[in-house]
Amino acid sequence: MNSNFDRSISDEDVFKRRATLLQRLHIDGWLLLILLALAAGSLFVLYSASGKNWDLLIKQGSSFALGMVGMLVIAQFEPRFMARWVPLAYVFGVGLLVAVEVMGHTAMGATRWINIPGVIRFQPSEFMKIIMPATIAWYLSRHNLPPKLKHIVVSLVLILMPFVLILKQPDLGTALLILASGAFVLFMAGLQWRWMIGAVAAVVPIAVAMWFFVLREYQKQRVLTFLDPESDPLGTGWNIIQSKAAIGSGGVLGKGWLLGTQSHLDFLPESHTDFIIAVLSEEFGLVGVCILLLVYLLLIGRGLFITAQAQTLFGKLLAGSLTMTFFVYVFVNIGMVSGLLPVVGVPLPFISYGGTHLVTLLSGFGILMAIQTHRKWIAQV
């Protein structure tokens, strides 16, 4: 009996030492486990979606490794320390967007990248997905809540500056996501209902103004295609028609890994980027999609738990905004691929191929880890 008692104590001590080790490394075990599962799933699906392209697989794996390192490094910094550098990061981020406007690299009709020959090519707008909510969280956390009118106006100005610059690239999808990330902070800060009702009421006139004065012809065509993709089945409607065909053909269990016909016979364009969930659905069926959605739900749930546990106002606003913006990424991508939303070029988080957006996402979860693991040792900001 004593032997069993000693063994149980020993097991408990080992468990505590392991938990302490994670805490000392500022790693949230649940977040890390879920993210590693997504990384493995991404490489698995990407291998098929890219036509067994090992070069893309190696690049994606390298991006995951780089992002994981960045995530763990960011997790070491206290939220209080991060808050001090947010204004400088915002100025730097907007400066990069201006640099894109002046000397950016153009590809596929859009100027969204900064290219340093022989070194790196990156998309500065991706960084604003973290900088924007951090900036609004930093600003509002310095004032009494709910925010007053002048604080709302300043927040909107801070949001609209990068929004307009990104919209000019043009990149409507990223611009809207950054707008949403800032708006989520305002909402979580206790924005009064009259302002939210006013914002909803303003959607229609703003949408009409954007249609006539902001949106380009191809962006208007995406909206028209969303309303009636069969009107041009061999042209603008091709992508969404083939995507829906791939999703439907997978059935409940799918056709099997590497056996998807829509992607492997090149019917489905952008199969390794924006439309990769159509490949997953065709090869793994409804079951595969439900498993992915469950993993996403666990990740979002953990983010909301960290938000509720945050001990600083800055941390609470930032964690909540990052989590809800991630939800919007998932919702928009799945919605556009399934024909429920217009195609706006938003990749599926952690699954679609891409370097900059992957590193940015993991950096955001590094901030969540920092908010969670530093919460016992910091005071209210």
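Counting restarts for each chain, with residues numbered from 1 along the sequence as it is written. Confidence filtering applies because this is a predicted model: local features only for residues at pLDDT of at least 70, side-chain atom pairs given and counted only at 80 or more, and all residues used for totals across whole chains, interfaces and linings. In computing side-chain properties, one takes all heavy atoms of the structure into account and sets aside hydrogens as well as water.

The chain is annotated in an unreviewed UniProt entry as Peptidoglycan glycosyltransferase MrdB of Aquipseudomonas guryensis. UniProt positions are given in the numbering used here, feature names are shortened, and annotations may be inferred rather than shown by experiment. For the record of the chain, the UniProt heading Sequence similarities (unreviewed entry) holds the text "Belongs to the SEDS family. MrdB/RodA subfamily."

Participant: Just to check I follow, could you spell out the domain arrangement of the chain for this structure?
Facilitator: Many structure descriptions define interface size as the accessible area lost when the parts assemble. Where each domain begins and ends follows an automated or database-derived domain assignment. Entries for the chain in the domain assignment read domain 1 (26-76 + 219-374) and domain 2 (86-214). Summed over both partners, buried area is the accessible surface (1.4 Å probe) that two parts give up on being assembled. Between domain 1 and domain 2 the total buried area reaches about 2300 Å² when both faces are included, carbon and sulfur atoms providing 78% of it. By definition, a salt bridge exists where a carboxyl oxygen of Asp or Glu is found within 4 Å of a side-chain nitrogen of Lys or Arg. Taken together, the links from domain 1 to domain 2 amount to zero salt bridges. Under the rule applied, a polar contact is a pair of N or O atoms within 3.5 Å (in protein, one hydrogen donor and one hydrogen acceptor; residues adjacent in sequence only if both atoms are side-chain atoms). Joining domain 1 to domain 2, the criterion identifies one residue pair in polar contact (both at pLDDT 80 or more). Elements represented by at least two residues in the side of domain 1 that touches domain 2 include exactly α10 (217-227), α14 (313-337) and α15 (356-373). Across the side of domain 1 that touches domain 2, the residue classes tally to 13 nonpolar, 10 polar and two charged. In this text, helices come from DSSP runs of H or I with a minimum length of four residues, and strands from runs of E with a minimum of two, each type numbered from the N-terminal end. Gly falls in the polar group here, along with every residue not listed as nonpolar (Ala, Val, Leu, Ile, Met, Phe, Trp, Tyr, Cys, Pro) or charged (Asp, Glu, Lys, Arg).

Participant: Which parts of the structure should I look at to understand the nonpolar core?
Facilitator: The nonpolar side chains of a soluble globular protein tend to be buried with one another. In this structure, Leu299, Phe326, Phe350 and Phe365 are the most contacted members of the largest nonpolar core, which totals 91 residues. When we break this core down by domain, the ones giving at least three residues each are domain 1 (26-76 + 219-374) and domain 2 (86-214). With near-sequence residues (within four places) excluded, phenylalanine 365 lies in contact with Leu31, Leu35, Met71, Leu299, Phe326 and Phe350. Nine residue types can take part in a nonpolar core, namely buried Ala, Val, Leu, Ile, Met, Phe, Trp, Tyr and Cys, and a core is a set of them joined through side-chain atoms within 4.5 Å. Buried residues are those whose accessible area, probed at 1.4 Å on protein chains only, stays under 20% of the maximum for their type, while exposed residues exceed 50% and partly exposed ones sit between those limits. Contact between two residues is taken to exist if any of their heavy atoms lie within 4.5 Å; hydrogens are not considered.

Participant: Honestly, empty space enclosed by the protein in this entry has me stumped. Any pointers?
Facilitator: If a probe as big as a water molecule is rolled over the atoms, it shows which places are left empty. Using only the protein atoms, space was sampled on a 1 Å grid; points where a 1.4 Å probe fits but cannot get out form cavities, open sets with protein on both sides within 12 Å along at least five of seven lines form pockets, and lining residues are those with an atom within 4 Å of a point. Grid points are joined across faces, edges and corners, and a volume is the space filled by probe spheres set on the points. Applying the stated criterion across every chain, the model contains three cavities of 30 Å³ or more. What lines the largest cavity is Lys129, Ile130, Leu322, Thr325, Phe326, Tyr329, Thr360, Leu361, Gly364, Phe365 and Leu368. Counting only elements with at least two residues in the lining of the largest cavity, the list comes to α5 (124-140), α14 and α15. Per-element tally for the lining of the largest cavity: the top contributor is α15, with five residues. For the lining of the largest cavity, a count of residues per class yields seven nonpolar, three polar and one charged. Taken as a whole, the second largest cavity spans an internal volume of roughly 70 Å³. Lining the second largest cavity are Glu126, Lys129, Leu177, Tyr329, Val346, Pro347, Pro349, His357, Thr360 and Leu361. Where the lining of the second largest cavity is concerned, the elements lending two or more residues are α5 and α15. In terms of residue count, α15 provides more of the lining of the second largest cavity than any other element does, three residues in total. Of the residues in the lining of the second largest cavity, the class split is six nonpolar, two polar and two charged.

Participant: Just to check I follow, could you spell out a nonpolar patch on the surface for this structure?
Facilitator: Grouping into patches uses exposed residues only, defined as over 30% relative accessible area, and leaves out salt-bridged ones; the cut-off is 9 Å for like charges and 5 Å for nonpolar side chains (Val, Leu, Ile, Met, Phe, Trp, Tyr). Computed with a 1.4 Å probe, the accessible areas rest on the Shrake-Rupley method; for each residue, only the protein chains presented here act as cover. Side chains of Val69, Val73, Phe77, Phe81, Trp85 and Leu88 sit close together on the surface and give an oily, nonpolar patch of about 570 Å² of accessible area. Elements with a contribution of two residues or more to the nonpolar patch: α3 (54-74) and α4 (79-103). Of the residues forming the nonpolar patch, the biggest block, three residues, is contributed by α4. You can see valine 73 is positioned in helix α3.

Participant: Even after reading the chapter, I still don't get the packing of aromatic side chains, so can you show me in this structure?
Facilitator: Each pair of aromatic rings is reported with the distance of its centres and the angle of its planes. A pair of Phe, Tyr and Trp rings is counted when the ring centres sit within 6.5 Å of each other, with Trp represented by its six-membered ring. The angle between the planes then sorts it: under 30 degrees is stacked, over 60 is edge-to-face, the rest tilted. This model, assessed by the stated rule, comprises 13 aromatic pairs. Ring centres of tyrosine 47 and tryptophan 257 lie 5.7 Å apart, and the angle between their planes is 40 degrees; this geometry places the pair in the tilted category. Taken together, the residues tyrosine 47 in helix α2 (residues 29-49) and tryptophan 257 in the loop between α11 (238-249) and α12 (261-264) connect sequence positions 210 residues apart. Consider the rings of phenylalanine 326 and phenylalanine 350, whose centres lie 5.9 Å apart with planes at 45 degrees: the pair is tilted. Of this pair, phenylalanine 326 sits in helix α14 while phenylalanine 350 sits in the loop between α14 and α15, and the two are 24 residues apart along the sequence.

Participant: Any chance you could explain the side chain of histidine 151 here in plain terms?
Facilitator: Here histidine 151 lies in helix α6 (residues 149-167). What histidine 151 contacts, discounting residues up to four positions off in sequence, is Tyr139, Leu140 and His143.

Participant: Explanation requested: the pattern of salt bridges in the structure shown.
Facilitator: Throughout the structure, instances matching the rule amount to six salt bridges. Residues arginine 80 and glutamate 78 are paired through a salt bridge, measuring 3.1 Å at the closest nitrogen-oxygen approach. Glutamate 78 gets classed as partly exposed once you look at its relative accessible area, which sits at 26%. Two residues, glutamate 101 and lysine 168, come together in a salt bridge whose shortest N-O distance is 3.6 Å.

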